[in-house]
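The lines below spell out each chain.
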Amino acid sequence: MNKQTFQMSAKKMTIACGILAASVSFGASAFAFSDLKGDPAESKINALHHKGVVNGVTTDRFAPKSKVTFAQGIQFIVNGLQLSPQTGSSTVTASTYFDKVKDKAWYASAFLIAKQNGLTLDPTVDPNAAMTRIQFAHLLTQALQSKGNFPVTLMYADISDGGKLSNAEMNSLQILVNTHLVTLEKNNTFRPNDAVTRSEAAVWIYDAAEFARTVIAPDDGTAAPSQMMYEGSVTLEKAGDGVNKATITVSDLPNPGYGLTINRIEFGKDKTAVIYFSITKPAPGKMYPMVISKGTVVTYLPEGYTATAQSLTANPSSSGSSAR
């Protein structure tokens, strides 16, 4: 598949811990782990440890090739991305949502915070089970999206071993690949069903935390107030071998200062795609004529796909206008 670029904004994306393998620690340390000599991830892992983000399996060993359990992985994500607990919910516990998470377990608060921040965890998840690379990547993307908006120029990556991923998992992986938080391996493989290692998880957390700190804009509720009233139409035209250009148009913007941005694209079955868009507000301090205006934004799709445009905050029953 040819790769074409398109603009995308991915939308939404501290706890005490036990002294256990891969648990997060708030105590900083001045030494380097002894089993990371020559490991490409050595500096990032030690940096996380020095900041009090990750701990070792012993006082001086990190065990970089060991598998990450769900308990460890959720702890990594929650603390690494500094997800916050929901206020006013002191009576709700982890066992309310998860059958196998005991409320006194060292990882219980991490599971509760993950749930409160919108991470999609199965209620029957086993905290001691190993996490796969795609499970960790999918949850990491959701954690990033919970932090706010992050615009990115996206190339649709042809992931050779991603054929059995769900649409949601593929969307998350596309985001991580194109923000350079995850790098594909030889022949564009990701090894989605392999267990994620402590080294891999730590590096992804380190890079994601830096990305969140430097790129993500917090959700401050400044979206256009009547955004859910806007309807977008899609027109498709051939842009190259195997690729179509998709132009999304909204015709009833309040003035020329308003614009469009693409938030994400979801690829479904039978070569269908939903292009989610939102309305951007005029630049502060500028004056625009009060005339109804048209806004457009362009993205690219694989040839043969039909497309539907939908406002990100539109009523879920609204399907928008489609094109083939």
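Our subject is the structure listed above.
Since this is a predicted model, take the numbers as computed values, not measurements.

Parameters and conventions
Residues numbered from 1 in each chain as written. Predicted model: local features only at pLDDT ≥ 70, side-chain atom pairs only at ≥ 80, totals over all residues. Heavy atoms only, no water. Helix = DSSP H or I, 4+ residues; strand = E, 2+ residues; numbered from the N terminus. Contact = heavy atoms within 4.5 Å. Expected span 1.5 Å × (residues − 1). Buried < 20%, exposed > 50% of the residue type's maximum accessible area, 1.4 Å probe, protein only. Pairing = 2+ DSSP bridges. Axes fitted to C-alpha atoms, helices over the stretch in contact; angles between N-to-C directions. Salt bridge = Lys/Arg side-chain N within 4 Å of Asp/Glu carboxyl O.

Caption draft 1: The environment of tyrosine 230, seen in detail. If you trace the backbone, tyrosine 230 turns up in the loop between helix 6 (198-214) and strand 3 (233-240). Once residues within four sequence positions are removed from consideration, tyrosine 230 is found in contact with Val250, Asp252, Leu253, Pro254, Phe277, Ile279 and Ser311.

Caption draft 2: How the structure looks around helix 4 (residues 133-147). Relative to the 21 Å expected for 15 residues at 1.5 Å per residue, helix 4 spans 22 Å between its end C-alpha atoms, a close match to the ideal helical length. The element helix 4 is largely enclosed, with a buried count of 12 among its 15 residues. Turning to helix 4, its buried residues number three or more, namely Arg133, Ile134, Phe136, Ala137, His138, Leu139, Leu140, Thr141, Gln142, Ala143, Leu144 and Gln145. Just beyond helix 4, the residue with positive phi is glycine 148, at close to 145 degrees.

Caption draft 3: Main features of the sheet that holds strand 4 (residues 243-253). Strands sit in the order 3-4-7 across an open sheet of three strands; the sheet is antiparallel. Of all the strands in the sheet, the pair left with one neighbour each is strand 3 and strand 7 (293-302). Neighbour-to-neighbour, the strand axes of the sheet open up by a mean angle of 25 degrees, direction not taken into account. Where strand 4 meets strand 7, nine bridges bridge the pair, whose relative direction is antiparallel. Along strand 7, the bridge assignment pairs valine 250 with glycine 295.

Caption draft 4: Structural detail: helix 2 (residues 70-80). With 11 of 11 residues buried, helix 2 is to be regarded as a mostly interior element. Check the buried side of helix 2 and you find it contacts helix 3 (108-116), helix 4 and helix 6. Within two residues after helix 2, glutamine 82 carries a phi angle of roughly 55 degrees, on the positive side.

Caption draft 5: Representation of the pattern of salt bridges within the structure. Tallying each qualifying case throughout the model produces 10 salt bridges. Its salt-bridge partner being arginine 213, residue glutamate 210 comes within 2.8 Å of it at the nearest N-O pair. Taken together, the positions of glutamate 210 and arginine 213, both in helix 6 and three residues apart, correspond to about one turn of that helix. Overall, glutamate 210 belongs to the partly exposed group, its relative accessible area being 24%. Taking the relative accessible area as the measure of exposure, arginine 213 reaches 59% and is therefore exposed. In this structure, the salt-bridge partner of glutamate 303 is lysine 238, at a minimum N-O distance of 3.3 Å. Residue glutamate 303 is found in the loop between strand 7 and strand 8 (306-311), and its partner lysine 238 is found in strand 3; the two are separated by 65 residues along the sequence. Taking relative accessible area as the criterion, lysine 238 reaches 55% and is therefore assigned exposed. Several salt bridges share partner residues, and in doing so they unite Arg133, Glu185, Arg191, Asp194 and Glu200 into one network.

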